[in-house]
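Descriptive analysis of the structure
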Amino acid sequence: MSWGQALARLGGAQKTAKGVSLYSRFVNRPTGRFLAAGSYVAGLTPNQVTLVSAAFSFAGVAAVAVAPPTWWTGALVWLALAVGFAFDSADGQLARLRGGGSPAGEWLDHVVDCAKTTALHTAVLVAFFRHPGHFGTGADVVLLVPLVFLTASTVTFFGGLLTEQLKRKAAPGGPAPAPSTLRAVALLPVDHGVFCLVFLLLGGGPLFLWGYGLLGAAAVLYLPLFLAKWFRELDRPAAQPVTGAEPSPAR
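Report follows, based on the coordinates. (Residues numbered from 1 in each chain as written. Predicted model: local features only at pLDDT ≥ 70, side-chain atom pairs only at ≥ 80, totals over all residues. Heavy atoms only, no water.)

**Some remarks on the pattern of salt bridges**
Scanning all chains against the criterion turns up four salt bridges. Here Glu233 ties to Lys229 by a salt bridge, and the two come within 2.5 Å at their closest N and O atoms. Of this pair, Glu233 and Lys229 are both found in helix 10 (residues 206-235), four residues apart, which corresponds to roughly one turn of the helix. A network of salt bridges, in which partner residues are shared, links Asp88, Asp113 and Lys116. (Salt bridge = Lys/Arg side-chain N within 4 Å of Asp/Glu carboxyl O. Helix = DSSP H or I, 4+ residues; strand = E, 2+ residues; numbered from the N terminus.)

Written out as structure tokens, the structure reads:
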């Protein structure tokens, strides 16, 4: 299969856009589709693509922690994180192109995502501590910002992943749920691709602090909304175990 044929086949095998922000829908997924087609032609496996994603992402993380916080550093960090995020989309698309993924591949993908999120906010904390004059983080309380942001992001990631695993799967052949443009816009502040953009402000010091802090505030405000939504979905009768499954412990 040529690159063009792989790209065309991927175009007809995309996941639903429901619950996806505009950035992921119109930027990250299409970019990942090109990378998935190229990876297929290059003979890479989905797990190898996941590791490529990790390499780019952790290069950006390392730069945040150890490099001087200049405008050039910020641009390189954004590029590394954005490319890593695109390859994060490409590994799943490549798996579908090759006939389906594996539990081990899904496990690796989620572990890398979790490690990336944890390391990135930790790197910001290190940068704030190392360069207080640049960022205006002389007050110790400011160092709580990445810790709160990390907590909200981790709980959101885990809650969403667990909800996806526990929900009853849609019946095969059923119509795909229609995406909502309003919801896609509303999800922009908590999209990882939008979060990557804030590192373009790294050289601006206080500008970065404000941009990072505003996205952190959005993560904190969205968290209870996500949790309430996911709990309601799982508490519906349709989310109960199927016949023959082990009953859940009484609460």
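The discussion continues.
**Overview of the packing of helix 7 (residues 144-166) against helix 10**
One way to put it is that helix 7 packs onto helix 10 with a least axis distance of 9 Å and a crossing angle of 25°. Comparing their axes, helix 10 and helix 7 come out roughly parallel. Once helix 7 is placed against helix 10, the crossing between them reads as left-handed. Residue-level contacts link Val145, Pro146, Val148, Phe149, Ala152, Val155, Thr156, Gly159, Gly160, Thr163 and Leu166 of helix 7 to Tyr212, Gly213, Leu215, Gly216, Ala219, Val220, Leu223, Phe226, Leu227, Trp230, Glu233 and Leu234 of helix 10. Partitioned by chemical class, the residues of the contact of helix 7 with helix 10 number 16 nonpolar, six polar and one charged. (Axes fitted to C-alpha atoms, helices over the stretch in contact; angles between N-to-C directions. Parallel < 35°, antiparallel > 145°, perpendicular 65-115°, else oblique. Left-handed = near helix turned anticlockwise from the far one by under 90°. Contact = heavy atoms within 4.5 Å. Nonpolar A, V, L, I, M, F, W, Y, C, P; charged D, E, K, R; others polar.)

**Points about the environment of Leu97**
With respect to the helices and strands, Leu97 occurs in helix 4 (residues 71-97). If near-sequence neighbours (up to four positions away) are discounted, Leu97 is found in contact with Met1, Ala6, Arg9, Leu10 and Tyr40.

**A word on the side chain of Ser53**
Relative to the elements of secondary structure, Ser53 occurs in helix 3 (residues 46-66). On the basis of relative accessible area, Ser53 is assigned to the buried category, the value being 2%. Ignoring any residue separated from it by four or fewer positions in sequence, one finds Ser53 in contact with Gly84, Phe87 and Asp88. (Buried < 20%, exposed > 50% of the residue type's maximum accessible area, 1.4 Å probe, protein only.)

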